[in-house]
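Topology and contacts: notes
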Amino acid sequence: MAALPNHDTPALDPATIQVDDELPTWTRLGDFHAWNRYAAVNYEFVPIHMDDEAGRNAGYPAAFGMGNIQFSYLHNIIRDWMGEGPGRIVTLSCQFRGAFVRGNTVTAHAKVVDVDRSGPETVVQLDLWTEDDTGARLAPGKATVAFPA
């Protein structure tokens, strides 16, 4: 199992953020234990997410993870990067384009595409995505993050 995120990360200094910065990746193995924990929190014990036969009957090679688990990975990559400072996630969105199939590893990625320091906050635009072991992008998205100036 991958290491758990460090929620004691010092606050990010927004003055150091530059366009093309890549955030540290966030990786998880798609297995029953990870999905079961997520399902328990969200009460989402759906057979296609827990049972390989149900996943195959739905047209996939095995059980597949909940879409929102990938959304949570995108959220986690941002929060871990921001650290424990006063910054906030203003918007976060993604499109689910591929399944997180059991046994695969999914990695969340993010890249800074714009930094605006002209107002009362430093506003950062991010391109986000999850990808599987083959490099296929499963959930591309975008986020806006703001830090006090």
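Residues numbered from 1 in each chain as written. Predicted model: local features only at pLDDT ≥ 70, side-chain atom pairs only at ≥ 80, totals over all residues. Heavy atoms only, no water.

1. Comments concerning the overall build of the protein chain
A tally of regular secondary structure across the protein chain gives four helices and five strands. When its helices and strands are written in sequence order, the protein chain yields β-α-α-α-α-β-β-β-β. Within the protein chain, buried positions represent 41% of all 149 residues. Here the contacts in the protein chain between residues at least 6 apart in sequence split such that 66% fall between residues at least 24 apart. Surface summary for the protein chain: the accessible area is close to 7900 Å², and the carbon and sulfur share equals 52%. Across the protein chain, the centroid of the 11 positively charged side chains sits 2 Å from that of the 19 negatively charged ones. (Helix = DSSP H or I, 4+ residues; strand = E, 2+ residues; numbered from the N terminus. Buried < 20%, exposed > 50% of the residue type's maximum accessible area, 1.4 Å probe, protein only. Contact = heavy atoms within 4.5 Å. Areas by Shrake-Rupley, 256 points an atom, 1.4 Å probe, with all protein chains shown as cover. Lys, Arg positive; Asp, Glu negative; His and termini not counted. Charge placed at Lys NZ, Arg CZ, Asp CG, Glu CD.)

2. A word on helix α1 (residues 32-42)
Note that an α-helix has 3.6 residues per turn; residues three or four places apart therefore point the same way. When we look at burial in α1, the residues that qualify are A34, W35, Y38 and A39. In a view along the axis of α1, the buried residues occupy a sector of 130 degrees, so they form one face of it. Projecting away from the buried face of α1 at angles above 90 degrees are the exposed residues H33 and V41. Buried residues belonging to α1 abut β1 (26-29), α2 (47-50) and α4 (67-82). (Arc of directions from axis to C-beta.)

3. Let's talk about the sheet that holds strand β2 (residues 88-94)
Strands belonging to one sheet form pairs held by backbone hydrogen bonds; the direction of such a pair is parallel or antiparallel. Judged by pairing direction, the sheet is antiparallel, and its five strands sit side by side in the order β1-β3-β4-β5-β2 without closing on themselves. The sheet is open, and its two edges are formed by β1 and β2, each paired on a single side. Averaged over all pairs of adjacent strands, the angle between their axes in this sheet comes to 20 degrees, without regard to strand direction. Pairing between β2 and strand β5 (residues 141-148): six bridges, direction antiparallel. Each bridged residue has a counterpart across the sheet, and for T91 the counterpart in β5 is T144. (Pairing = 2+ DSSP bridges. Axes fitted to C-alpha atoms, helices over the stretch in contact; angles between N-to-C directions.)

4. A short note on α4
The end-to-end C-alpha separation of α4 is 24 Å, in line with the 22 Å expected for 16 residues at 1.5 Å each. Close packing links the buried residues of α4 with β1, α1, β2, β3 (105-116), β4 (121-131) and β5. Looking at the residues trailing α4, positive phi occurs at G83, about 75 degrees. (Expected span 1.5 Å × (residues − 1).)

5. Things to note about unusual backbone geometry
Note on backbone geometry: most residues besides glycine have negative phi, and most peptide bonds are trans. Phi at D20 takes a positive value of approximately 80 degrees, unusual for a residue other than glycine. By secondary structure assignment, the location of D20 is in the segment before β1. Notably, Y43 is not glycine yet its phi reads approximately 50 degrees, a positive angle. Note on Y43: relative accessible area 72%, which makes it exposed.

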